[in-house]
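What follows is the residue order along each chain.
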Amino acid sequence: MRRRLARALVRPLVLAAAAATTPLASASPAVADSIVVGGFPVDVSQSPWTVALSSRDLFGGTRAGQFCGGVAVGPSTVLTAAHCMDESVLGAKPTQIRDLRVIAGRSELLSDKGREIPVSSVWVNPGYDGVGNSGDFAVLTLAEKLPSGSVIGMARGGDPAYRAYTPATVYGWGDTTGGGSYAGSLHAARVHVLPDALCEKAYPGGVSGSYHAGTMLCAGEEKGGRDACQGDSGGPLVAQGRLIGLVSWGSGCGWAGSPGVYTRISDVLRTLGWG
Ligand code: ARG
C-alpha cells in the first residue's frame, strides 16, 4: 500500500520540480558521505542555535543523554517539539526531570565542549494534538543565557523562505540510517520545502497522521534519501538563514513519497502572539 503510494508520488514531484525556479535534481549535489539521513557531519559553530536536549537520568549512555533537538530563538529561549516533552516519550512529566539540560556549542555529544544549561521552565503548547501531531512545539526557558550570536531569527508568515522548492537544511543528532544508528555528532541534511498539495497527498491521514498546511510544512527530496529521523525532533529546519520549521514527524526516514513533516514556525509565532 505504502510502496504504491510512494511510487505514485514520484512523478508529480518531478513535474513540479521541473517547473520550479530551483529544480530539485540539479540543486542537490550528490553527497555520498555519512548520512540526520542523507546528510553530512557539520560543526555546531556553523549552526550555533542548534542545541541538544539531554537528561542523563533518563537517557544516559552512548547518546550522552541526548533525546531530542532544539533551537535557540532568544538568549534564554529554546523551541523544541511538544512531543519531546510528552510523558509517553520521556517516561516522566517534564517537571519531574531534574537534570533536563540544553547542550549548546557541542558537536560531539561525548565531548565536553560548549555548555550544558539547565532548563528552568517548560511550556508545552496546550493546543498540541498528540494524535494528529498538530501544534507540535514547546518553549524551554534556560537558567542561564546562551552566548550572544547563538540565536536564529524566525520566519514570519508570508516569508519567501516558506515557498515550495526553497532549499533548506535540517540539523540534528538523530538516527543517520533509519535503522537506529546514532553517530553522536551533529549532522545536517539539505532538503527542499515541498508544496502543501504534495504533503497532503503523502499524508492524507491514517497510518502516521495527516498533514495540515496551516500548522505544518513538509520537506524532503524527490527520491527521498535526505530527511530528519528519530532523535532529530524539535531541531531546526532553516531556509534563507531563518528558522522555518521544527522536526516533528514522518513515515520512516528518507523514504520516497514520505517527506519529513515539520512544525510551521509562522504558526508557532501566531500561537505565541510573537508574530
Ligand atoms: N518523531 C521523531 C523524533 O521524535 C522525528 C521523526 C522525523 N521523521 C522524519 N522522517 N522526518 O525524533
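About the cut-offs
Residues numbered from 1 in each chain as written. Predicted model: local features only at pLDDT ≥ 70, side-chain atom pairs only at ≥ 80, totals over all residues. Heavy atoms only, no water. Pairing = 2+ DSSP bridges. Helix = DSSP H or I, 4+ residues; strand = E, 2+ residues; numbered from the N terminus. Near = heavy atom within 4 Å. Polar contact = N/O pair within 3.5 Å; in protein donor to acceptor, adjacent residues only side chain to side chain. Nonpolar A, V, L, I, M, F, W, Y, C, P; charged D, E, K, R; others polar. Buried < 20%, exposed > 50% of the residue type's maximum accessible area, 1.4 Å probe, protein only. Lys, Arg positive; Asp, Glu negative; His and termini not counted. Salt bridge = Lys/Arg side-chain N within 4 Å of Asp/Glu carboxyl O. Axes fitted to C-alpha atoms, helices over the stretch in contact; angles between N-to-C directions. Disulfide = S-S within 2.5 Å.

Asker: Could you give me a rundown of the pairing of strand β6 (residues 115-124), with the residues and numbers involved?
Answerer: Here strand β5 (residues 101-104) runs beside β6; their pairing, made up of four bridges, is antiparallel. Opposite V102, over in β6, you have I117 as the bridge partner. Inspection of the sheet shows β6 paired to strand β7 (residues 138-142) by five bridges, in the antiparallel sense. Looking at β7, one finds that S121 is bridged to T141.

Asker: Tell me about the site of the ligand, and name the residues and values.
Answerer: Every one of the 15 residues lining the ligand counts as a neighbour, but H83, D227, G231, S233 and G252 are closest to it. At 2.8 Å from an oxygen atom of the ligand is found a side-chain nitrogen or oxygen belonging to H83. Residue S248 places a main-chain N or O atom 3.2 Å away from a nitrogen atom belonging to the ligand. The element that contributes the greatest number of residues to the shell around the ligand is strand β12 (residues 242-249), accounting for three residues. Partitioned by chemical class, the residues of the shell around the ligand number five nonpolar, eight polar and two charged.

Asker: Mind laying out the side chain of E221, listing which residues take part and the relevant values?
Answerer: Within the secondary structure, E221 sits in the loop between β10 (216-220) and β11 (236-239). Buried within the structure, E221 lacks any salt-bridge partner; its nearest side chain of opposite charge belongs to R226, at an N-O separation of 4.7 Å. A distance of 2.7 Å separates polar atoms of two side chains, one belonging to E221 and the other to H192.

Asker: Tell me about the sheet that holds β6, and please be specific about residues and values.
Answerer: The strands that make up a sheet are held in pairs by hydrogen bonds between backbone atoms, and each pair lies either parallel or antiparallel. Pairing is antiparallel in the closed barrel, where six strands are placed in the order β2-β3-β4-β7-β6-β5. Each strand axis lies, on average, 40° off the axis of its neighbour in the sheet, ignoring direction.

Asker: Would you mind going over the state of the cysteines in detail, with residue names and values included?
Answerer: Overall, the coordinates contain three disulfides when judged by the stated rule. One disulfide in the model links C68 with C84; its S-S distance is 2.1 Å. Where C68 bonds to C84 through sulfur, the torsion about that S-S bond is close to -90°, and the disulfide is left-handed. Taken together, the residues span a long stretch of sequence, with C68 in strand β3 (residues 66-74) and C84 in the loop between β4 (77-80) and α4 (87-90) at a distance of 16 residues. Each member of the pair, C68 as well as C84, carries the same accessibility label: buried. A sulfur-sulfur separation of 2.1 Å characterises the disulfide bridge that pairs C229 with C253. Between C229 and C253, the S-S torsion sits near 80°, and that sign places the bridge as right-handed. Of this pair, C229 sits in the loop between β10 and β11 while C253 sits in the loop between β12 and β13 (260-264), placing them 24 residues apart in sequence. Overall, the relative accessible area of 6% leaves C229 in the buried class. Take the cysteines of the chain that form disulfides and number them in order along the sequence; they join up as 1-2, 3-4, 5-6.

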